[in-house]
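Here is how the chains run, residue by residue.
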Amino acid sequence: MARKNSNTKVKKKNKKLFSDERIKIILGVTTVFMSAFLTLAFISYFFTWKVDQSFQYSKVISTVEISVENWSGKAGAHFANLFINKWFGIASFTFPFLLFVIGLRFFKIKIYSIRKAFKISIIGTVILSILLGYLFGNSNGYLGSGLGGGHGFIIAQWLNSFLGKAGTAFLLSIVIISFIILSFKKTYYLLINVAASLFKKDYSEFEDHPNDEQKMEIKKQVSVEQEGNIDDDLIFVTKNIEEIVEEESSSETQNESDENIELTIEEKHKDEKLKGNVKNLQLEDYDPTLDLSNYKLPPLNLLENHGQGSNGEINKEEIIANKNRIVDTLANYKIQIDKIKATVGPTVTLYEIIPAPGVRIAKIKNLEDDIALSLSALGIRIIAPIPGRGTIGIEVPNQNPEIVSMRSILASKVFSDSKYDLAIGLGKTISNDTFVIDLAKMPHLLVAGATGQGKSVGLNAIIASLLYKKHPSQLKFVMVDPKKVELTLYTKIEKHFLAMLPDSEESIITDTQKVVNTLNSLCIEMDHRYDLLKLAQVRNIKEYNEKFIARNLNPEKGHKYLPYIVVIVDEFADLIMTAGKEIESPITRLAQLARAIGIHLVIATQRPSTNIITGTIKANFPARIAFRVSSMIDSRTILDSPGANQLIGRGDMLVSTGGDLVRLQCAFIDAPELDKITDFISSQQSYPTAFMLPEYTPEGNDEIGEVDFSKRDVMFEDAARLVVRNQQGSTSLIQRKFSIGYNRAGRIIDQLEAANIVGPFEGSKARQVLFQDEYSLEQYLKDFLDNI
């Protein structure tokens, strides 16, 4: 332990030494002087090599009386002879250049990346030396061993004897071309375009189809060179390239693990020809479906045609009889009508009447029970007036209602041609029109109705509509089923479409506590997505994904394609009774904020009472579906108006999207059909696991144990500075800024809490930061780490 402490102190002294600006200036001046000294010595060698080589250098250095002609004196003559004569010939000029680049960097002047300059200098020197040795030999003793130096001449001679001159020429050509392509990517693209124009072929015709790794490499037009342990940044070539931007990062010797990154932007490229060639390298749009490129949407033949749909025969006798009874009933109360017409739907017929002038609408509306008595029918509903038509509507149930099959909805042109982001085919209206809505615009849906009135079938219709429209990469479901039997059919498609917590064993959530954890995890996911939208400078998920697909967002900066997440919650009443505010709070927060980032809620309950569907929930669920309920009070609770108590059941429903009510017959889909759909999807290639939501630690379980700070994360100090600088103690912030996994970011947050830099866990809110500025943090860290 004592030895470890001594090593730590030595490192700290070294850091303090190299952080001193005076030391940097001294090192910079020394390095630039060495560069100038060697350059002068090398240039002088071309004129003085014959005279200076007549001496033995060991004697020259030790004997004061002997003088040399080299402009840099004996030391210059010695180094020039060593580099140019014995080693690399005129290729040795790369070494003064490398020293010059390093020297300027001490003054924070960057003309070239050190890492790139070092790589190109060393490799290029060796290759150029051998090439000169091959082309000119020893040049009859010029410069001693020729233009390539002793190293180049000897290796070239050996290659000639081993491969012959032709073989050596071929090998050197391959090495030089490979070196140029790997070191100068702009030259590579220029060569490709020149070759393509010469052969009058498109670049793609002679390019192999790249694999995933090659595709990622093609995305990198300019690689940002960095020193130390900082990961390279990438800059993507987009479709509308106006200029080439080269980012380079430099590190100073101030801190081995904490490096100051300086970014420079290259000026706009002045070579119009090269610029035009770069513009031709337009990358294809990113395809989110590429991982499951062979995935096929379920076919319609998996569904049954339960009813005759709109092709059913109309019972004209029933319609005429009902018309006459309505007219007679109104005449008995001295109400005259000018016109009456009927619109036949699958389960209900709408009779529209135009009353005679002077007839009050309220008088007709008060006769609702009398008309129901004369027609001997249940579920009579009077709409007075029908919005936008100037008529009064009387809805009368059909004696022989038809079943609206899910197949007829999905096969309709309205559904198949819809451009909605999340298209849902609910059923058919009274006029037999297919009713399709966009869940993305609703943006959340509340479904309520008494037991056995079609609520579960309605949920299955919603899910089936989305499965028939979306690829697994575009959509994920979070399914909550307290009854444990309604949504179990969908466990088969877990790896395709379902999302779950990392530590969860079941993809269909049935335990109340896991429901609470999942909803809070969705809040964390929501916050993370909003951070990504902020970085991308867009307002919603659609704009974000369009920008990502166009390759205008860099994955190396945390950006990724975001699928829609649809949360299906069955038996919401049971969850509220058992968990109360723990459920309502995250539900409310998601309903208020999650629309823009693609998280949408579908909540179903069979108990539409005010303690279940509270005012807060109703305010954030403008779109509602009501199946038949037992009382007008329940109807008002769901829809804020009566009507749901007058429905006839078996899929008869009212839909409110924030405006007028629309009466529909819900599409019917049976369990065997769902089995076929899930079997078809599960039989195809899937992702390795379900879509993983962020980890969530419940309140009360967030106490951290003893933290061994001797084994703290290497990013501990950087993370502390980050959270203080941003005044936000967020795991997602650390994850995004350092491009690390969520688990590692969580451990760093725990260490920061144990070090009293951030406060304790506060649910879905970010932790409190206990330091207001970086100066006080640095003082604290210095004392804290010294005592470890």
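Quick notes on the rules
Residues numbered from 1 in each chain as written. Predicted model: local features only at pLDDT ≥ 70, side-chain atom pairs only at ≥ 80, totals over all residues. Heavy atoms only, no water. Pairing = 2+ DSSP bridges. Helix = DSSP H or I, 4+ residues; strand = E, 2+ residues; numbered from the N terminus. Patch = residues over 30% accessible without salt bridge, like charges linked within 9 Å, V, L, I, M, F, W, Y side chains within 5 Å. Areas by Shrake-Rupley, 256 points an atom, 1.4 Å probe, with all protein chains shown as cover. Salt bridge = Lys/Arg side-chain N within 4 Å of Asp/Glu carboxyl O. Buried < 20%, exposed > 50% of the residue type's maximum accessible area, 1.4 Å probe, protein only. Core = buried A, V, L, I, M, F, W, Y, C linked by side-chain atoms within 4.5 Å. Contact = heavy atoms within 4.5 Å. Axes fitted to C-alpha atoms, helices over the stretch in contact; angles between N-to-C directions. Phe/Tyr/Trp six-rings, centres within 6.5 Å; stacked < 30°, edge-to-face > 60°. Lys NZ or Arg CZ within 6 Å of the ring centre and 35° of its normal. Polar contact = N/O pair within 3.5 Å; in protein donor to acceptor, adjacent residues only side chain to side chain. Parallel < 35°, antiparallel > 145°, perpendicular 65-115°, else oblique. Left-handed = near helix turned anticlockwise from the far one by under 90°. Arc of directions from axis to C-beta.

Trainee: Any chance you could break down the sheet that holds strand E13 (residues 564–569) for me, citing the residues and the numbers?
Mentor: Ordered in space as E8-E7-E17-E16-E15-E9-E14-E13-E10-E12, the 10 strands form an open sheet in which the pairing is mixed. Whereas interior strands pair on both sides, the edge strands pair on one side only; in this sheet they are strand E8 (434–438) and strand E12 (508–509).

Trainee: Explain a nonpolar patch on the surface to me, and be specific about the residues and the numbers.
Mentor: Among the surface-exposed residues, Ile-25, Val-29, Phe-97, Phe-100, Phe-107, Ile-109 and Ile-111 lie close enough to one another that they form a single nonpolar patch of about 600 Å² accessible area. Those elements giving two or more residues to the nonpolar patch turn out to be helix H2 (21–52) and helix H5 (94–106). Looking at the element boundaries, Ile-25 is found in helix H2.

Trainee: If you had to explain the pairing of strand E6 (residues 391–397) to someone new, which residues and values would you point to?
Mentor: Counted residue by residue, E6 has 7 buried out of 7 residues, so it is predominantly covered. Burial along E6 is two-sided: Thr-391, Gly-393, Glu-395 and Pro-397 and Ile-392, Ile-394 and Val-396, pointing in opposite directions, are all buried. Relative to E6, strand E4 (residues 348–355) is paired through 6 bridges, and the arrangement is antiparallel. Bridged to Val-348 within E6 is Pro-397.

Trainee: So what about the pattern of salt bridges? Which residues, and what values?
Mentor: Under the definition given, this model contains 22 salt bridges. The residue Glu-525 makes a salt bridge to Arg-529 at a minimum N-O spacing of 2.9 Å. Of this pair, Glu-525 and Arg-529 are both found in helix H18 (residues 512–536), 4 residues apart, which corresponds to roughly one turn of the helix. On the basis of relative accessible area, Glu-525 is assigned to the buried category, the value being 4%. Since its relative accessible area comes to 0%, Arg-529 is described here as buried. Close ionic contact of Lys-581 with Glu-584 constitutes a salt bridge, the shortest N to O distance being 3.9 Å. With Lys-581 and Glu-584 both in helix H21 (residues 581–593) and 3 residues apart, this pair spans about one turn of that helix. A residue is classified by how much of its surface remains accessible, and Lys-581, at 61% relative accessible area, is exposed. Look at Glu-584 and you get buried, because its relative accessible area is 12%. Linked by salt bridges that have partners in common, Arg-381, Glu-395, Asp-652 and Arg-663 make up one network.

Trainee: Lay out the pairing of strand E9 (residues 445–448) in plain terms, naming residues and giving numbers.
Mentor: What you see with E9 is no split at all: Leu-445 and Val-447 on one side and Leu-446 and Ala-448 on the other are buried throughout. Taken together, the 4 bridges between E9 and strand E14 (residues 599–605) define a ladder with parallel strand orientation. Bridging across to E14, Leu-446 finds its partner in Ile-603. Both E9 and strand E15 (residues 623–626) contribute to a ladder of 4 bridges, which runs parallel. Following the sheet pairing, Ala-448 is matched in E15 by Ala-626.

Trainee: Quick rundown of the nonpolar core? Include the residues and the values.
Mentor: Judged by nonpolar contacts, the single largest core of 108 residues is most densely connected at Leu-426, Phe-477 and Ile-583. Looking at this core element by element, the count peaks at 9 residues for H18. For Leu-426, the contacting residues outside a window of four places in its chain are Phe-435, Ile-437, Ile-462, Ile-625, Met-653, Val-655, Leu-664, Gln-665, Cys-666 and Ala-667. The next biggest cluster of nonpolar side chains, apart from the first, holds 23 residues, and it includes Val-723, Ile-734, Phe-771 and Leu-781.

Trainee: For the sheet that holds E6, give the residues involved together with the corresponding values.
Mentor: A sheet is described by the order of its strands in space; here 4 strands give the open sequence E3-E4-E6-E5, paired in antiparallel fashion. Where the open sheet ends on each side, the last strands, each with one partner, are strand E3 (337–344) and strand E5 (381–386). Here the average twist between neighbouring strands, direction ignored, is 20°. Relative to E3, helix H11 (residues 316–332) is tilted by about 145°, and along the sheet it contacts E3, E4 and E6.

Trainee: Can you lay out the packing of aromatic side chains for me, pointing to particular residues and giving the numbers?
Mentor: Tallying each qualifying case throughout the model produces 11 aromatic pairs. Seen from their ring centres, Phe-477 and Phe-497 are 6.4 Å apart, and the 55° between their planes marks the pair as tilted. Separated by 20 residues along the polypeptide, Phe-477 in strand E10 (residues 475–480) and Phe-497 in helix H17 (residues 494–497) bring together distant segments of the chain. Overall, Phe-477 belongs to the buried group, its relative accessible area being 1%. In textbook terms, an aromatic cluster arises when at least three aromatic residues are bridged by ring pairs, as seen for Phe-42, Phe-83, Phe-88, Phe-93 and Phe-95. Between Lys-469 and the ring centre of Phe-415, over which it is positioned, the NZ or CZ distance is 5.4 Å.

Trainee: Go over unusual backbone geometry with me, naming the residues and quoting the values.
Mentor: Pro-443 follows Met-442 through a cis peptide bond whose omega is -5°. At Gln-537, a residue that is not glycine, the phi angle is positive and equals roughly 60°. By the element assignment, Gln-537 lies in the loop between H18 and helix H19 (541–549). Non-glycine residue Glu-571 carries a positive phi angle of around 55°. Inspection of the secondary structure puts Glu-571 in the loop between E13 and helix H20 (572–579).

Trainee: How would you summarise the side chain of His-496 if you had to cite specific residues and measurements?
Mentor: Looking at the element boundaries, His-496 is found in helix H17. Overall, His-496 belongs to the buried group, its relative accessible area being 2%. Engagement of the side chain of His-496 in a polar contact is seen with the backbone oxygen of Gln-684, the distance being 3.3 Å. His-496 has contacts with Tyr-295, Pro-472, Lys-476, Ile-681, Ser-682, Gln-684, Gln-685, Ser-686 and Tyr-687, leaving out every residue within four places of it along the chain.

Trainee: Tell me about the packing of H18 against H19, residues and numbers included.
Mentor: The interhelical angle for the contact between H18 and H19, taken along N-to-C directions, is 60°, at an axis separation of 10 Å. Relative to H19, the element H18 lies oblique. For the crossing formed where H18 meets H19, the hand is left-handed. Across the interface between the two elements, Arg-529, Leu-532, Leu-533 and Ala-536 from H18 touch Ile-541, Tyr-544 and Lys-547 from H19.

Trainee: Quick one: what's the story with helix H13 (residues 368–375), residue by residue and with numbers?
Mentor: Taken as a whole, H13 has its buried residues at Glu-368, Ile-371, Ala-372 and Leu-375. The buried residues of H13 occupy an angular sector of 100° when projected down its axis, which confines them to one face. Of the exposed residues in H13, the ones pointing more than 90 degrees away from its buried face are Asp-369 and Leu-373. In the core, the buried residues of H13 are packed alongside H11, helix H12 (361–365), E5 and E6.

Trainee: Could you give an account of the environment of Lys-363, with specific residues and numbers?
Mentor: Assignment of secondary structure puts Lys-363 in helix H12. On the basis of relative accessible area, Lys-363 is assigned to the partly exposed category, the value being 43%. Between the C-alpha atoms of Lys-363 and Tyr-333, which are 30 residues apart in sequence, the distance is 9.2 Å. Aside from chain neighbours lying at most four places away, what touches Lys-363 is Tyr-333 and Ile-335.

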